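Okay, here's what each chain looks like letter by letter:
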Amino acid sequence: MPSETSVGILALQGDFLEHSKLLKVLNVEVIEVRNSQQLAEVDSLIIPGGESTTIAKLIDVYNLRQPIIEFAQKGSPVWGTCAGMILLAGSLVETEPSPLKLMNTVVQRNAFGRQVNSFSTELEFEGIRDGLFEAIFIRAPHVVSANNGVKILSKLIDGTIVAVRENNLLATAFHPELTRDARIHEYFVQMTKGTI
Ligand code: GLN
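The rules behind these values
- Residues numbered from 1 in each chain as written.
- Predicted model: local features only at pLDDT ≥ 70, side-chain atom pairs only at ≥ 80, totals over all residues.
- Heavy atoms only, no water.
- Salt bridge = Lys/Arg side-chain N within 4 Å of Asp/Glu carboxyl O.
- Buried < 20%, exposed > 50% of the residue type's maximum accessible area, 1.4 Å probe, protein only.
- Helix = DSSP H or I, 4+ residues; strand = E, 2+ residues; numbered from the N terminus.
- Pairing = 2+ DSSP bridges.

1. Some thoughts on the pattern of salt bridges
Okay, step 1: For the structure shown, the criterion picks out eight salt bridges.
Okay, step 2: With a shortest N-O distance of 2.8 Å, Arg65 and Asp60 are connected by a salt bridge.
Okay, step 3: Residue class for Arg65 comes out buried when judged on its relative accessible area of 18%.
Okay, step 4: A salt bridge links Arg183 to Asp181, with the shortest nitrogen-to-oxygen separation between them at 2.7 Å.
Okay, step 5: Under the relative-accessibility criterion, Arg183 is labelled buried at 10%.
Okay, step 6: Judged by its relative accessible area of 21%, Asp181 is partly exposed.
Okay, step 7: Three or more residues joined by partner-sharing salt bridges are found here, namely Glu51, Arg109 and Arg139.

Here is the structure:
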């Protein structure tokens, strides 16, 4: 039987397949989104990790900027992981790429240094069950300021903000799709169903 909930994954560049694998265990329909027709078929959208400058360019090449903005503004859930957090930002510390300006956040790219400075750590994440979440950071951004209306869901021990939610928008600096732990995907599916 087809599931009534469909989650779209922006599949232009980056680790969209990893998201897809984790979502499939949650009994939702997963649709790769590469154009506005596909976007119109889904209940929510994930913008994956990858290279934010490349994803931004491809969003423009595929004429998806305005459709994604409208999708989010009509209240459909959108979750950005890593590069996706950068793209959802209201503004960036850097001049590139041009973000979608959907969240009331200021985000800094590569906030923890280069690829060799990648790390993983156990975090508290507000709203998920059963304790700490193993978070993988790869050339990750962080939220420099979470402004009006933005709720902080997770911080590093030094106070660095690494996960935020603003109504229907969710952003994580790390990569839940690179673990086997589906709890944050489950959280987003609940957002998609409108239960949280
Ligand atoms: N550093 C990348 C960027 O600025 C993001 C890295 C990632 O998504 N893992 O786009």
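2. Observations regarding helix H6 (residues 183-193)
Okay, step 1: In terms of residue burial, H6 counts as a mostly covered element, since eight of its eleven residues are buried.
Okay, step 2: Every buried residue belonging to H6 is among Arg183, Ile184, His185, Tyr187, Phe188, Val189, Met191 and Thr192, and all of these are buried.
Okay, step 3: Of the residues one or two after H6, Gly194 is the one with positive phi, at around 80°.

3. A look at the pairing of strand S6 (residues 105-108)
Okay, step 1: Burial along S6 is one-sided: Thr105 and Val107 are buried, while Val106 and Gln108, pointing the other way, are not.
Okay, step 2: The sheet contact formed by strand S5 (residues 91-92) and S6 spans two bridges and is parallel. Of the residues in S6, the one forming a bridge with Ser91 is Val106.
Okay, step 3: Two strands pair when backbone bridges link them, and S6 and strand S9 (residues 142-146) are joined in this way by four bridges, in the antiparallel orientation.

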